[in-house]
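For reference, the chains in residue letters:
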Amino acid sequence: MNAIAALAIFVFLMALSVWGLILAVTRRRPDRTYLAAVAIGEIELVLQAIVALVVIAGGHRPPSIGEFLGYLLATVILLPYGIVRGRSPQATQWDSGVIAVVTFAVAVAVLRLLALW
Amino acid sequence: MSSPERRSVQGPGRLIAAVYALFALSAGARAVFQIATKFSHAPLAYILSAVAAAIYLLAAICFTFPSAGSWRTAVVALCIEFVGVVGVGLISVLDPSLFKDASVWSKFGVGYGFVPLVLPLIGLWWLWRPATRAAFGELLPPEDSVA
């Protein structure tokens, strides 16, 4: 994993989390712009996962590979869940809060990935 | 009561349910990994992580499928969770040798930003609200409102 790319993704996810928090406290449900930004975050995470898997297939071995792969899986499955919740017609400001929480959790998982690489 | 459409949780409960699911996932994955690879290193911490994960999962399921029964189950689960995080927190501070590796609840959940300590209190506050109880069918709804 490239440290600079991973840190850039971390910063982007933290920005998404703050954005979601602002939507939640101002009582707004996730809007299209926000969901599009979250989708971009997911694309970055999928690309990062692909790169990591290619390098692992090429012979790199993180010391705790099981744990690494667990966190890698978590980084790609959580945002789609948030997007599904945010797109739901019944979504409310609380779903903005859900996305704020999952983007924060994934941001922390990205840091763990970097430490475990 | 036989309401044709399935009840669903609204309001803050949507966020609380998601956070519980997230904790069930992270504590559960961590416990499975630790028990599978290094159980003898800190058995108590790993077993407690697994117990915590099971309680988070139970609460998340109760929040997702509201009924009078799931309301009561959730209240019991959250009380156990709160006693667990306070008890394990105290033991891990008083006798750290029992916890060579961190569990979700050790040192009052410091590894998770103390969220494990606050989460059951927020959850119980939410469950106790009349609107939530009505949405779970635990009380007769005052109107057609949902939590």
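None of the values given here were measured: they were computed from a predicted structure.

A.B. asks: Any details on the overall build of chain B? Residues and values, ideally.
C.D. replies: Check the secondary structure of chain B and you find five helices and zero strands. Ordered by position from the N terminus, the helices and strands of chain B form the series α-α-α-α-α. The burial tally for chain B puts 45% of its 147 residues in the buried class. A separation of at least 24 residues holds for 66% of the contacts in chain B among residues at least 6 apart in sequence. As displayed, chain B offers around 7,300 Å² of accessible surface, 72% of which is attributable to carbon and sulfur atoms.

A.B. asks: I'd love a proper account of the nonpolar core, names of residues and values included.
C.D. replies: Y20(B), Y56(B), F63(B), W105(B) and L127(B) are the most contacted members of the largest nonpolar core, which has 38 residues in total. For this core, the elements supplying multiple residues, two or more each, are α1 (12–38), α2 (43–64), α3 (68–94) and α4 (115–128) of chain B. It is α2(B) that contributes the most residues to this core, eleven residues altogether. Excluding anything up to four places from it in sequence, F63(B) contacts V9(B), I16(B), A17(B), Y20(B), A74(B), L78(B), W126(B), L127(B) and F136(B). Of all hydrophobic cores here, the second largest spans 28 residues; its members include M1(A), I9(A), Y34(A) and V76(A).

A.B. asks: Outline the packing of helix α4 (residues 93–116) of chain A against α1(B), supporting the account with residue identities and numerical values.
C.D. replies: Contact pair α4(A) / α1(B): the axes reach a minimum separation of 8 Å and the direction vectors enclose 20 degrees. In terms of their interaxial angle, α4(A) and α1(B) are classed as roughly parallel. Taken as a pair, α4(A) and α1(B) cross one another with a handedness that is right-handed. Contacts from W94(A), D95(A), G97(A), V98(A), V101(A) and A105(A) of α4(A) reach α1(B) at P12(B), R14(B), L15(B), A18(B), V19(B) and L22(B). Split by residue class, the contact of α4(A) with α1(B) holds nine nonpolar, one polar and two charged.

A.B. asks: Which residues make up the pattern of salt bridges, and what values go with them?
C.D. replies: Across all of its chains, the model carries four salt bridges over all chains by this definition. A salt bridge links D95(A) to R85(A), with the shortest nitrogen-to-oxygen separation between them at 3.0 Å. Note that D95(A) is positioned in helix α4 and R85(A) in helix α3 (residues 65–87), a separation of ten residues in sequence. Comparing D95(A) with R85(A) shows no difference in burial state: the two are buried. Among the charged side chains, a network of salt bridges with common partners joins R85(A), D95(A) and R14(B).

A.B. asks: Before we move on, can you summarise the side chain of E81(B) with the specific residues and values?
C.D. replies: All names here are of chain B. With respect to the helices, strands and loops of the structure, E81 is situated in helix α3. Within the buried set, E81 has no salt-bridge partner at all; the shortest N-O distance to an opposite charge, 15 Å, is to R30. Those residues in contact with E81, other than ones at most four positions away along the chain, are Y20, I55, Y56, W105, P116, L119 and P120.

A.B. asks: Requested: an account of the interface of chain B and chain A, with residues and values cited.
C.D. replies: Taken together, the contact between chain B and chain A spans ten residues of the former and 16 residues of the latter. Taken together, the two surfaces of chain B and chain A that pack against each other cover about 1,100 Å², and 74% of this comes from carbon and sulfur. Inspection of the chain B/chain A interface yields one salt bridge. A salt bridge links D95(A) to R14(B), with the shortest nitrogen-to-oxygen separation between them at 2.8 Å. Seen at the junction of chain B and chain A, the total is two residue pairs in polar contact (both at pLDDT 80 or more).

A.B. asks: Pulling in residues and values, what's your account of the confidence of the model for chain A?
C.D. replies: Confidence in the prediction for chain A averages 95 pLDDT; 100% of positions are at 70 or higher. The secondary-structure element of chain A with the lowest mean pLDDT is α3(A), recorded at 93, while helix α2 (residues 32–57) of chain A shows the highest, at 97.

A.B. asks: So what about the packing of aromatic side chains? Which residues, and what values?
C.D. replies: With the rule as written, the count across this model stands at ten aromatic pairs over all chains. With 5.0 Å between their ring centres and 55 degrees between their planes, W19(A) and Y34(A) make a pair best called tilted. Taken together, the positions of W19(A) in helix α1 (residues 3–25) and Y34(A) in helix α2 put the pair 15 residues apart, joining distant regions of the chain. Residue class for Y34(A) comes out buried when judged on its relative accessible area of 0%. A ring pair is formed by Y20(B) and F63(B), whose centres lie 5.3 Å apart and whose planes are at 85 degrees; its orientation type is edge-to-face. With Y20(B) in helix α1 and F63(B) in helix α2, this pair connects stretches of sequence that are 43 residues apart. Taking the relative accessible area as the measure of exposure, F63(B) reaches 1% and is therefore buried. One aromatic cluster is present, formed by Y20(B), F23(B), Y56(B), F63(B), W105(B), Y112(B), W126(B) and F136(B) through successive ring pairs. Above the ring of W128(B), the side-chain terminus of R133(B) is found at 5.4 Å from the ring centroid.

Scoring rules and cut-offs
Residues numbered from 1 in each chain as written. Chains lettered and ligands numbered in written order. Predicted model: local features only at pLDDT ≥ 70, side-chain atom pairs only at ≥ 80, totals over all residues. Heavy atoms only, no water. Helix = DSSP H or I, 4+ residues; strand = E, 2+ residues; numbered from the N terminus. Buried < 20%, exposed > 50% of the residue type's maximum accessible area, 1.4 Å probe, protein only. Contact = heavy atoms within 4.5 Å. Areas by Shrake-Rupley, 256 points an atom, 1.4 Å probe, with all protein chains shown as cover. Core = buried A, V, L, I, M, F, W, Y, C linked by side-chain atoms within 4.5 Å. Axes fitted to C-alpha atoms, helices over the stretch in contact; angles between N-to-C directions. Parallel < 35°, antiparallel > 145°, perpendicular 65-115°, else oblique. Left-handed = near helix turned anticlockwise from the far one by under 90°. Nonpolar A, V, L, I, M, F, W, Y, C, P; charged D, E, K, R; others polar. Salt bridge = Lys/Arg side-chain N within 4 Å of Asp/Glu carboxyl O. Lys, Arg positive; Asp, Glu negative; His and termini not counted. Buried area = accessible area lost by both parts, 1.4 Å probe. Polar contact = N/O pair within 3.5 Å; in protein donor to acceptor, adjacent residues only side chain to side chain. pLDDT = per-residue confidence, 0-100. Phe/Tyr/Trp six-rings, centres within 6.5 Å; stacked < 30°, edge-to-face > 60°. Lys NZ or Arg CZ within 6 Å of the ring centre and 35° of its normal.

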